Amino acid sequence: MEKRYQSAYGMRTAPRRRVRIYATDPMSGRRSPYRITIDIDNEPDLQEGPRGSIVEVWDRDGAQECYYAPVNLNHEALLMEAGLAPSESDPRFHQQMVYAVAMKVVESARRALGRPIDFYRSKARPCLKLIPHAFYGPNAFFDKSLNAILFGYFQASRETPGPNLPGQIVFTCLSHDVIAHEMTHAIVNRLRPYFLEPTNVDVLAFHEAFSDIVALFQRFTYHDLLVEYVQSSGARLEDASGLVGLAQQVGYATGGGKALRSAIGTKDDPKAIHQVFEPHHRGAILVSAVFDGYFRTYENRISDLLRIATGGSGILPQGRLHPDLTNRLAREAAYVADRVLRMCFRAFDYLPPVDVTFGDFLRALVTSDYELDPEDRDELRYNMIEGFRKRGIYSSTVTSLAEESLLWPSAIDQPLPPLDNGLRTKARSYLAYSAAALDITGRTRDRRRERQAGSRSALETYRQISIEGGDEKEIPDVQDERDLQSNVFGGLQVYGQNNAIALGLDPNLSVAVSSFHAVQRLGSDQRLIVEFVAQFTQKNDAKAQDYGGLPLRAGTTVVFGVDGAPRYVIAKPMPSAALADNVKKAADHRAARISEFIEAMDLHDPLLAWGDDNFDQRMQRRCTVRHLHEGTL
Ligand SMILES: [Zn+2]
């Protein structure tokens, strides 16, 4: 009896918050399966806006020059009713939707990476800002200098509006895919800030492709929506145009007559990779390769269900499917989608810090997934490699597409020594902070306690000692944990400098540690896998003239095992006479390719004629999502 009275629900914080959104956009959202309720991490201290600890919505209308009243998701009625009902006319619903979808994307990244995703830069610029009505125009973009995502709104085409009303107002901030796409640009930029520097034809295309992959797969996590697509496509998800089409309303409203892009946009044509260079179109090749791997794996996994349901033939009859079957198929589709989404995010820890190529992404996918699931029981890895192969995406550094040769090497020429004892101990204590910062309700408890006692929470500590995606100069200010930070980063910096040659870097230039992470994940056999991932970078400013204002960058990602021994070394070497012959050759070749690529970009840049004043800085201008999105999202 007494137990019952002790039930402390009044003190407890709910771990999840329920919020209503359009599953795709208001155009399809006229029908009920497209208005859904999702659950996101609950931030109990969420302010009006909504303004939380990861993202903040600021609703200033840049075209009307006014502010809209902010929504308060902690209002009693909204807590009970899962937020405001979907509405095109209520700006407060727009704020709610932008916040909810952004948080959902952050959550996917966090779960896959096994560490918090945070946009914290400094006390003055703490969070990523989302501005749902920032400007008038059919576009949206992430702006790294403002640390904000700006969404535009516009009038639908009067001549060819598709299912929209001619001339109706279309809000990009109500498109699930646009929000998820931009949010992913922000996350990619946080994880790899130099991936906005176009140093080869794949770099910007990778940014776009990855953002599309996340936006599309995010939808596969909404069960009711998936059930609808399984039913309408007769279990052939590839044919569900609504599911594989990205940003339908925006695509139609801009007069395109179809979704903006599609997951199966390019036929498996191995020549396209040598002919298509515009980042969005080139990115579409990568997107379709990943989806190819997805669809084949999904088909494998449902083949037994189809045989059971059809008395062995596997061929479904005409008409509606049994609801039980639809449900089971949707679960399989969601399971595989979750696997792919995690696989793609996880690959980030295995990507080089600079100058990424599609082939690097394939190798990173294979290596990271191999670590977690060596057996590949679902054949997902195999199907993925096949999807890439059919589209002619190879890595120039491997000689075969066999899994073993796609795994990254553990040394590029001479072996790297393991981390010393002291550094390993510090790295492990960092692991504890990273785990504590993952616990969201714990964070809130911490924050409340911290406000009372004036002490520091685990999240604060994590922020103070993590450097992720920052420029070398932007190391956050540290007071209490100066010790741990200077020990980990200082120690790693010395390690990097002492081993510059084994890292493929120039020993005469300084080596920076641009990020360090302690990662813990569960493998397929419930093994706990702990890894320390460090990115060493280097730049040569003397060459900026030759590279349109960008320094020549090199960098190496090293994945250390829990024993401190290097397991994988992923290098983009810096030209230097000190390097071994074969590494030096690779470094020189890379530098030459960057110059060639910049020349090719100049040839195709229509703005170049007006750019005389800052010709030397022209590559800087090209390093923004705003520039990347000129013309299309
Ligand atoms: Zn984009």
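This structure is a prediction, so every number in the text was calculated from the model and none was measured.

### Considering the overall build of the protein
The number of helices and strands found in the protein is 20 helices and 15 strands. Taken across its 633 residues, the protein has 59% of its residues classed as buried. Pairs at least 24 residues apart make up 68% of the contacts formed inside the protein by residues separated by at least 6 positions. Approximately 26,200 Å² of the protein is accessible, and the part contributed by carbon and sulfur atoms is 51%.

### Quick word on the packing of helix α9 (residues 279-309) against helix α10 (residues 323-346)
It is the contact of α9 with α10, at a shortest axis distance of 10 Å, that shows an interaxial angle of 155°. By the angle class used here, α9 and α10 are roughly antiparallel. For the element pair α9 and α10, the recorded crossing hand is right-handed. Judged by residue contacts, Val290, Tyr294, Thr297, Tyr298, Arg301, Ile302, Leu305, Leu306 and Ala309 of α9 engage Leu325, Arg328, Leu329, Glu332, Ala333, Tyr335, Val336, Ala337, Val340 and Cys344 from α10. When grouped by side-chain class, the residues that make up the contact of α9 with α10 number 15 nonpolar, one polar and three charged.

### A look at the environment of Lys267
The residue Lys267 is located in the loop between β11 (261-262) and α9 in this model. It is 8.5 Å that separates the C-alpha atoms of Lys267 and Ile285, two residues lying 18 residues apart in sequence.

### Concerning the side chain of Arg553
Within the secondary structure, Arg553 is located in strand β14 (residues 552-560). By relative accessible area, which is 11% here, Arg553 ends up buried. Looking at Arg553, its side chain comes within polar contact range of the side chain of Glu197, at 2.9 Å. For Arg553, the contacting residues outside a window of four places in its chain are Tyr194, Glu197, Val354, Gln538, Lys539 and Arg590.

### Describing the pattern of salt bridges
If the charged atoms of two oppositely charged side chains come close together, the side chains can form a pair. Applying the stated criterion to the full structure yields 37 salt bridges. Residues joined by salt bridges that share partners form a network here, namely Arg301, Arg328, Glu332, Arg339, Asp369, Asp373, Arg377, Asp378, Arg381 and Glu403.

### Considerations on the packing of aromatic side chains
Overall, the coordinates contain 26 aromatic pairs when judged by the stated rule. Ring geometry for Phe489 versus Phe516: centroids 6.4 Å apart, planes at 85°, classification edge-to-face. Pair noted here: Phe489 is in helix α17 (residues 482-498) and Phe516 is in strand β12 (residues 512-522), with a separation of 27 residues, a long-range link. The pair Phe489 / Phe516 is uniform in exposure class, with both members buried. Here a set of aromatic residues connected by ring pairs shows up, and it is made of Phe195, Phe206, Phe210, Phe345, Phe348 and Phe361. In this structure, Arg51 is placed above the aromatic ring of Trp58, and the distance from its NZ or CZ to the ring centre is 4.8 Å. The ring centre of Phe358 lies 5.6 Å from the NZ or CZ of Arg282, which sits over that ring.

### Some points on unusual backbone geometry
Here Gly49 and Pro50 are connected by a cis peptide whose omega angle stands at -10°. With respect to the secondary-structure elements, Pro50 resides in the loop between β2 (35-41) and β3 (55-57). Even without being glycine, Glu65 reaches a positive phi, approximately 55°. Tracing the chain through its elements places Glu65 in the loop between β4 (60-61) and β5 (66-67).

### Focus on the nonpolar core
Ranked by internal contacts, the top residues of the largest apolar core, which has 177 residues, are Tyr294 and Phe361. Excluding residues within four positions of it along the chain, Phe361 makes contact with Phe206, Phe210, Leu286, Val290, Cys344, Ala347, Leu351 and Phe388.

### Considering the confidence of the model for the protein
Averaged over every residue, the pLDDT of the protein is 86; residues scoring 70 or more account for 88%. Long-range and interchain partners of residues 467-482, a stretch whose pLDDT sits below 50, account for 46 contacts in this model, where long-range means more than four residues apart.

### Observations regarding the pairing of strand β7 (residues 140-143)
Burial of β7 is two-sided: the residues Ala140 and Phe142 facing one way and the residues Phe141 and Asp143 facing the other way are all buried. In this structure, β7 lies alongside strand β8 (residues 148-155), joined through four bridges in antiparallel fashion. The residue of β8 that forms the bridge with Asp143 is Ala148. Taking the residues that link successive antiparallel strands as the turn, the β7-β8 hairpin has four residues, and the phi of Asn147 there is positive, at about 55°.

### Quick notes on the sheet that holds β14
In spatial order, the strands read β12-β13-β14-β15; together these four strands make up an open sheet with antiparallel pairing. The outermost strands of the open sheet, each flanked by one partner alone, are β12 and β15 (566-572). On average, each strand axis in the sheet is inclined to that of its neighbour by 15°, with strand direction left out of account. Here nine bridges tie strand β13 (residues 528-540) to β14, and the two strands are oriented antiparallel to one another. Across the sheet, Thr537 pairs through a bridge with Gly555, a residue of β14.

### Comments concerning the environment of Ile302
Mapped onto the fold, Ile302 is located in helix α9. A C-alpha to C-alpha distance of 9.8 Å links Ile302 and Ala330, two positions 28 residues apart in sequence. Contact partners of Ile302, with chain neighbours within four places excluded, come to Ala235, Leu329 and Glu332.

### With respect to the side chain of Ser576
For Ser576, the location among the structural elements is in the loop between β15 and α18 (581-603). Side-chain polar atoms of Ser576 contact the backbone nitrogen of Ala578, separated by 3.1 Å. Non-local contacts of Ser576, meaning those with residues more than four positions away in its chain, are made with Asp506, Pro507 and Lys584.

### A short note on helix α11 (residues 358-372)
An ideal rise of 1.5 Å per residue puts 21 Å on 15 residues; α11 measures up with 22 Å between its terminal C-alpha atoms. Extensive coverage of α11 is indicated by the burial of 14 of its 15 residues.

### Notes on the environment of Ser510
By secondary structure assignment, the location of Ser510 is in the loop between α17 and β12. Given a relative accessible area of 56%, Ser510 falls into the exposed group. The sequence separation of Ser510 and Gln538 amounts to 28 residues, and the corresponding C-alpha distance is 6.6 Å. Non-local contacts of Ser510, meaning those with residues more than four positions away in its chain, are made with Gln497, Thr537 and Gln538.

The rules we used
In this numbering scheme, every chain counts its residues from 1 along its sequence in written order. Local features are withheld for residues below a pLDDT of 70 in this predicted model, meaning they are given only at 70 or higher, and side-chain atom pairs are given and counted only at 80 or more; totals for whole chains, interfaces and linings count all residues. By convention in this description, side-chain values take in all heavy atoms of the structure and omit both hydrogens and water. Each helix corresponds to a stretch of at least 4 residues labelled H or I by DSSP, and each strand to a stretch of at least 2 residues labelled E; elements are numbered beginning at the N terminus. Note on exposure labels: buried denotes an accessible area under 20% of the residue type's maximum, exposed denotes more than 50%, and partly exposed covers the range between, all computed with a 1.4 Å probe on protein chains only. The criterion used for residue contact is that any of the two residues' heavy atoms lie within 4.5 Å. Methods summary: accessible areas were calculated by the Shrake-Rupley approach with a probe of 1.4 Å, and residue burial reflects only the protein chains presented. In this analysis an axis means a line fitted to C-alpha atoms, helices contributing only their contacting stretch, and an angle means the value between N-to-C directions, from 0 to 180 degrees. These descriptions rest on fixed angle ranges, namely under 35 degrees for roughly parallel, over 145 for roughly antiparallel, 65 to 115 for roughly perpendicular, and the rest for oblique. It is the rotation of the near helix from the far one that decides the hand of a crossing: anticlockwise by less than a right angle makes it left-handed, clockwise makes it right-handed. Each residue is assigned to one class: nonpolar for Ala, Val, Leu, Ile, Met, Phe, Trp, Tyr, Cys and Pro, charged for Asp, Glu, Lys and Arg, and polar for all the others, Gly among them. Within 3.5 Å is the distance limit for a polar contact, defined as a pair of N or O atoms, with the added protein rule that one can donate a hydrogen and the other accept it, and that residues adjacent in sequence qualify only through two side-chain atoms. When a carboxyl oxygen of Asp or Glu is within 4 Å of a side-chain nitrogen of Lys or Arg, the pair counts as a salt bridge. Each Phe, Tyr or Trp ring, with Trp reduced to its six-membered ring, pairs with another whose centre is within 6.5 Å; inter-plane angles below 30 degrees give stacked pairs, above 60 give edge-to-face pairs, and intermediate values give tilted ones. Note on criteria: charge over ring means Lys NZ or Arg CZ within 6 Å of the ring centre, with the direction from the centre no more than 35 degrees off the ring normal. Among buried residues, the Ala, Val, Leu, Ile, Met, Phe, Trp, Tyr and Cys ones that are joined through side-chain atoms within 4.5 Å form a nonpolar core. What pLDDT conveys is the predictor's confidence in a given residue, as a value from 0 to 100. Following DSSP output, two strands are said to pair if at least two bridges run between them. Each helix should span, by expectation, one fewer than its residue count multiplied by 1.5 Å.

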